[in-house]
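# Summary of structural features
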Amino acid sequence: MANTYDYIIVGAGSAGCVLANRLSADPANRVLLLEAGPRDWNPFIHMPAGLAKLVNFKSLNWNYSTEPEPALNNRRLYWPRGKVLGGSSSINAMCFIRGHRSDYQDWAAAGNPGWGWDEVLPYFIRSQNQARGSSDLHGVGGPLSVEDLSFANPLSEVFIQAAEQAGFAANRDFNGPTQRGFGLYQVTQRGGRRCSTAVGYLRPARPRPNLTVLTGALTLNLELAGDCVTGVRYQRRGMIRTAHASREVLLAGGSINSPQLLMLSGIGPARELERVGIDVRHDLDEVGANLQDHLDVCTLTRCSQPITYDQLSEIRVGLKYFLYHEGEGTSNIAEAGGFLVSGRGRDDRPDIQMHFVPALLDDHGRNRLPGDGYTVHACPLRPQSRGRIGLHSADPRQPPAIRANYLSEPEDLEMMLECVRLSRAILNQPAFKPFRGHEIYPGNEVESRQGMIEFIRAKAESIYHPVGTCRMGSDERAVVDPQLRVRGIEGLRVVDASVMPSLVGGNTNAPTVMIAEKASDLILGLARARPRAAEAEAA
Ligand SMILES: Cc1cc2nc3c(=O)[nH]c(=O)nc-3n(C[C@H](O)[C@H](O)[C@H](O)COP(=O)(O)OP(=O)(O)OC[C@H]3O[C@@H](n4cnc5c(N)ncnc54)[C@H](O)[C@@H]3O)c2cc1C
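Calculation notes
Residues numbered from 1 in each chain as written. Predicted model: local features only at pLDDT ≥ 70, side-chain atom pairs only at ≥ 80, totals over all residues. Heavy atoms only, no water. Near = heavy atom within 4 Å. Polar contact = N/O pair within 3.5 Å; in protein donor to acceptor, adjacent residues only side chain to side chain. Helix = DSSP H or I, 4+ residues; strand = E, 2+ residues; numbered from the N terminus. Nonpolar A, V, L, I, M, F, W, Y, C, P; charged D, E, K, R; others polar. Phe/Tyr/Trp six-rings, centres within 6.5 Å; stacked < 30°, edge-to-face > 60°. Buried < 20%, exposed > 50% of the residue type's maximum accessible area, 1.4 Å probe, protein only. Domains from an automatic or database assignment. Contact = heavy atoms within 4.5 Å. Buried area = accessible area lost by both parts, 1.4 Å probe. Salt bridge = Lys/Arg side-chain N within 4 Å of Asp/Glu carboxyl O. Pairing = 2+ DSSP bridges. Patch = residues over 30% accessible without salt bridge, like charges linked within 9 Å, V, L, I, M, F, W, Y side chains within 5 Å. Areas by Shrake-Rupley, 256 points an atom, 1.4 Å probe, with all protein chains shown as cover. pLDDT = per-residue confidence, 0-100. Expected span 1.5 Å × (residues − 1).

### A word on the site of the ligand
Inspection of the region around the ligand gives 38 residues, with Ser14, Glu35, Ser88, Thr508 and Asn509 positioned closest. Between an oxygen atom of the ligand and a side-chain N or O atom of serine 88, the distance comes to 2.8 Å. Broken down by secondary-structure element, the contributors of at least two residues to the shell around the ligand are α1 (14-24), β12 (217-225), α8 (254-264) and α13 (509-524). For the shell around the ligand, a count of residues per class yields 17 nonpolar, 17 polar and 4 charged.

### Digging into the packing of aromatic side chains
Applying the stated criterion to the full structure yields 17 aromatic pairs. Summarising the aromatic geometry, the rings of tryptophan 117 and phenylalanine 124 are spaced 6.1 Å apart at their centres and angled 40° between planes, so their arrangement reads as tilted. The two residues tryptophan 117 and phenylalanine 124 agree in class, both being buried. Seen from their ring centres, phenylalanine 174 and tyrosine 185 are 5.3 Å apart, and the 55° between their planes marks the pair as tilted. Taken together, the residues phenylalanine 174 in the loop between α6 (154-165) and β7 (181-184) and tyrosine 185 in the loop between β7 and β8 (186-187) connect sequence positions 11 residues apart.

### Comments concerning the domain arrangement of the protein chain
One can read the domain layout of the protein chain as domain 1 (1-71 + 78-147 + 186-292 + 389-397 + 466-539) and domain 2 (150-184 + 295-380 + 407-459). Contacts between domain 1 and domain 2 engage 33 residues on the former and 29 residues on the latter. Between domain 1 and domain 2, a total of about 2500 Å² is buried, with carbon and sulfur atoms accounting for 51% of that surface. Our enumeration of links across domain 1 and domain 2 arrives at 3 salt bridges.

### As for the sheet that holds strand β6 (residues 144-148)
A sheet is described by the order of its strands in space; here 3 strands give the open sequence β5-β6-β8, paired in mixed fashion. One side of each edge strand has no neighbouring strand; the edge strands of this open sheet are β5 (128-130) and β8. In this sheet, β6 lies alongside β5 in parallel orientation, the contact comprising 3 bridges. The residue of β6 that forms the bridge with glutamine 128 is leucine 144.

### Topic: α1
Burial of α1 is extensive: 10 of the 11 residues sit out of reach of the surface. Along α1, the residues classified as buried are Ser14, Ala15, Gly16, Cys17, Val18, Leu19, Ala20, Asn21, Leu23 and Ser24. At its buried positions, α1 is contacted by β1 (4-10), β2 (31-34), α7 (197-205), β11 (211-214), β14 (239-251) and α13.

### As for a nonpolar patch on the surface
On the surface, a cluster of nonpolar side chains totalling about 480 Å² of accessible area is made up of Ile315, Leu319, Leu323 and Tyr324. Looking at where tyrosine 324 falls in the secondary structure, it is placed in helix α10 (residues 314-324). Using a relative accessible area of 56% as the deciding quantity, one classes tyrosine 324 as exposed.

### A short note on the pairing of β14
A regular strand carries its side chains on alternate faces of the sheet. Judged from the 6 bridges that link them, β1 and β14 form a sheet pairing that is parallel. When the bridges of β14 are listed, tyrosine 5 appears paired with alanine 245. Inspection of the sheet shows strand β13 (residues 228-236) paired to β14 by 6 bridges, in the antiparallel sense. Paired with glutamine 235 across the two strands is isoleucine 240, which belongs to β14. As judged from the 3 bridges shared by β14 and strand β25 (residues 492-494), these two strands associate in the parallel manner.

### Some remarks on the confidence of the model for the protein chain
Confidence in the prediction for the protein chain averages 96 pLDDT; 97% of positions are at 70 or higher. Taken as a whole, residues 529-539 scores under 50 in pLDDT and shows 13 contacts with residues more than four places along the chain or in a different chain.

### Observations concerning α6
With 12 residues, α6 ought to run about 16 Å at 1.5 Å a step, and its terminal C-alpha atoms sit 17 Å apart, in line with that. Of all the positions in α6, only Leu155, Ser156, Val158, Phe159, Ile160, Ala162 and Ala163 are classed as buried. In this structure, the buried residues of α6 make contact with β7, β17 (295-303), β18 (336-340), β19 (352-357), β20 (373-380) and α11 (410-427). At the N-terminal end of α6, a side-chain oxygen is found 2.8 Å from the backbone nitrogen of leucine 155, two or three residues along, and the residue is asparagine 153. Just downstream of α6 lies glycine 167, where phi reads positive at about 105°.

### Considerations on the pattern of salt bridges
Scanning the entire structure with this criterion turns up 29 salt bridges. Put simply, aspartate 347 and arginine 349 hold a salt bridge, and the shortest N to O gap is 3.4 Å. Note on aspartate 347: relative accessible area 40%, which makes it partly exposed. A relative accessible area of 10% places arginine 349 in the buried class. Through salt bridges that share partners, Arg271, Asp285, Glu286, Arg471, Asp475 and Arg477 make up one connected network.

### Observations concerning the side chain of glutamate 286
By the element assignment, glutamate 286 lies in the loop between β16 (282-283) and β17. By relative accessible area, glutamate 286 is classed as buried at 12%. For glutamate 286, the contacting residues outside a window of four places in its chain are Thr469, Arg471, Arg477 and Val479.

### Considerations on the environment of proline 410
Positionally, proline 410 belongs in helix α11. The exposure class of proline 410 is exposed, given its relative accessible area of 62%.

Now the structure itself:
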């Protein structure tokens, strides 16, 4: 039957492209990949610095906003999400970070056997093509290229020097033996171009006759026969169609859309579904719950020298990039950063992450401030507040209700205060002296605790790492089991950032790729404890 596949993957994002590649590697598997957004033709996707322009392309982005956030002056926070081949890996800042090894120990201890550090490391290694070469912690030959930045603004080095002057160590590899310290980020790029999962995983698999990729295909809901998922209904070019899955449907729509799709299909908290008139097929209370995100606070300083990215000639940058693939166009903008231990945590793993941007970045770059400046982003890595994805309506074309519930736990506010304090401690070091103008945000005049709290409530924003809304676990309340199968439903898994039981200490793209790598082995029945060396060789 033309519209019957072995596997249907919903969403061609960070996870979905990995699945499409790995599952279609066996020509016997017929695989359908459905993506709501378009192909990744826009050149600003591929030129790394183009990410600053991507906020203007509404068609590549779901452009979500949260509901009014009570602890943030009832502001609706902007939540960009990629809606294009590659998903958010096509619009993200390319920082390559795996998190801390103890994050995965936490996952395993929370009832997820098989997801401890030793078990997930082989999948990180398998996914990677590390330009520095292979080691115990890095792989070569994998689809996801990881490189050093080919160009960095001199202010990024100044930031690292200032962090050292403030007493923090330098670190050349945040994914090496120690995460702690300051340095330049490695980036998911290949030869100075973005390496999204659409580039790294999907592109080489596209010619396979057993893989069908449909863009502009919005999945509306899952088709169920009793407790068994039989396929999906999707809309494309104004037509509604059904595709059937003889084996499994794999939801890879991301932390917002995957729980929304489950709920639209009658799988979720009964009260929420009934409220919007959806028939309950399976009452699963935690669908959409356990939402966690990194809340970020920016310190912006005026730069007294015109060396930032604020006033670059876009034509010159563009020409240099498109002719030679070099220069500022290859920058991921958030070039340098660091991992710090605040001292407030229960252990000595880093609990704050910083990103340094040699430009004035206000309101996600949507508010262009005049002049030159630099920005330090800082976020607590393991917030305690939990939110929820809910529904406004039973219409799949309507955005879901995002309630992040930021700062609902008092400790999260204390950590945000630490973020501002530590950002300033670095920015006030001698290394910045030749460049330091006045502080724009919070502003030199803001010194008191109360003033700082008001600043955080007025200006804190997401740094784009929502996870946890289809939580993996062994307990009955978990949405998926450790094999990522939706509890109580046959033929359905969730494979994306939403399954993370808790937020990792770092950016979330590489961990999502790892989840999809491991999921593909689980789906194909290959997962077993393999010695690390053999795993790397197989890659
Ligand atoms: C602006 C930004 C900057 C970031 N910077 C970094 C960074 O520097 N480093 C890092 O590690 N992480 C970063 N992240 C986070 C990281 O990119 C995400 O955690 C990761 O991409 C999530 O992967 P995913 O597969 O869960 O979802 P996504 O990659 O978002 O993929 C979901 C896909 O499903 C599609 N989809 C959803 N619903 C449907 C439907 N109903 N029908 C069909 N298709 C559907 C979407 O269009 C999308 O393509 C950033 C994210 C953003 C948005």
